[in-house]
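Listed here are the chains, written in short residue letters.
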Amino acid sequence: MLAAALAGCGGGDEDELTREELVAQGDEICKQGRQQFAELQRDPPQSAAESAELTRQLIEITEAEIDDLNDLDAPEESQDALADYLEAREQGLEILRRGLEAAEDEDAEAYAEAQAEIARSQLDRARLAERVGFDECSRPLSGEADR
């Protein structure tokens, strides 16, 4: 009886996802975020104010994605890869925040630099997502926003 009681305590292992469940749930989170990004970016901003609002919304989506991915109880063999991926996403979020500040300051050059930095770091985030097993996470929108 004591063994049964102890087995139910302390680890939270019963909620731990398998690698396949982690990948499926993570990909679904990222797919929804990508769809929201694509929809928002369908019509490019025409002013600093529109750029700031777009960036604000992208930050909200990104924060929600990171929170949802953080909430996944990854199996031990996936925890390091997921932590590395989430760290890269946090770094990307910081770049978005700098872009927001630039847009609010009507600093077109700093805004463009932030966009370029996000693009330059895209491949790294995609590689880290692949290490976790994700297919949908950190893929470039490439054309989806133009449709």
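Below you will find a few notes about this structure. (Residues numbered from 1 in each chain as written. Predicted model: local features only at pLDDT ≥ 70, side-chain atom pairs only at ≥ 80, totals over all residues. Heavy atoms only, no water.)

Some remarks on the packing of helix α3 (residues 48-71) against helix α4 (residues 76-104)
Each pair of packed helices can be summarised by the angle the axes make with each other and by the distance between the axes.
1) Next: As a packed pair, α3 and α4 sit with axes 9 Å apart at the nearest point and diverge in direction by 160°. It follows from the interaxial angle that α3 and α4 lie roughly antiparallel. When the axes of α3 and α4 are compared, the crossing they make is left-handed.
2) Next: Of the residues that constitute the contact of α3 with α4, the class distribution is 13 nonpolar, 5 polar and 7 charged. (Axes fitted to C-alpha atoms, helices over the stretch in contact; angles between N-to-C directions. Helix = DSSP H or I, 4+ residues; strand = E, 2+ residues; numbered from the N terminus. Parallel < 35°, antiparallel > 145°, perpendicular 65-115°, else oblique. Left-handed = near helix turned anticlockwise from the far one by under 90°. Nonpolar A, V, L, I, M, F, W, Y, C, P; charged D, E, K, R; others polar.)

Quick word on a negative patch on the surface
1) Next: A contiguous patch of negative charge on the surface is contributed by Glu16, Glu20, Glu21, Glu76, Glu77 and Asp80.
2) Next: Mapped onto the negative patch, the elements with two or more residues apiece are α2 (19-40) and α4.
3) Next: No other element matches the 3 residues that α4 contributes to the negative patch.
4) Next: Residue placement: glutamate 20 occurs in helix α2. (Patch = residues over 30% accessible without salt bridge, like charges linked within 9 Å, V, L, I, M, F, W, Y side chains within 5 Å. Areas by Shrake-Rupley, 256 points an atom, 1.4 Å probe, with all protein chains shown as cover. Salt bridge = Lys/Arg side-chain N within 4 Å of Asp/Glu carboxyl O. Lys, Arg positive; Asp, Glu negative; His and termini not counted. Charge placed at Lys NZ, Arg CZ, Asp CG, Glu CD.)

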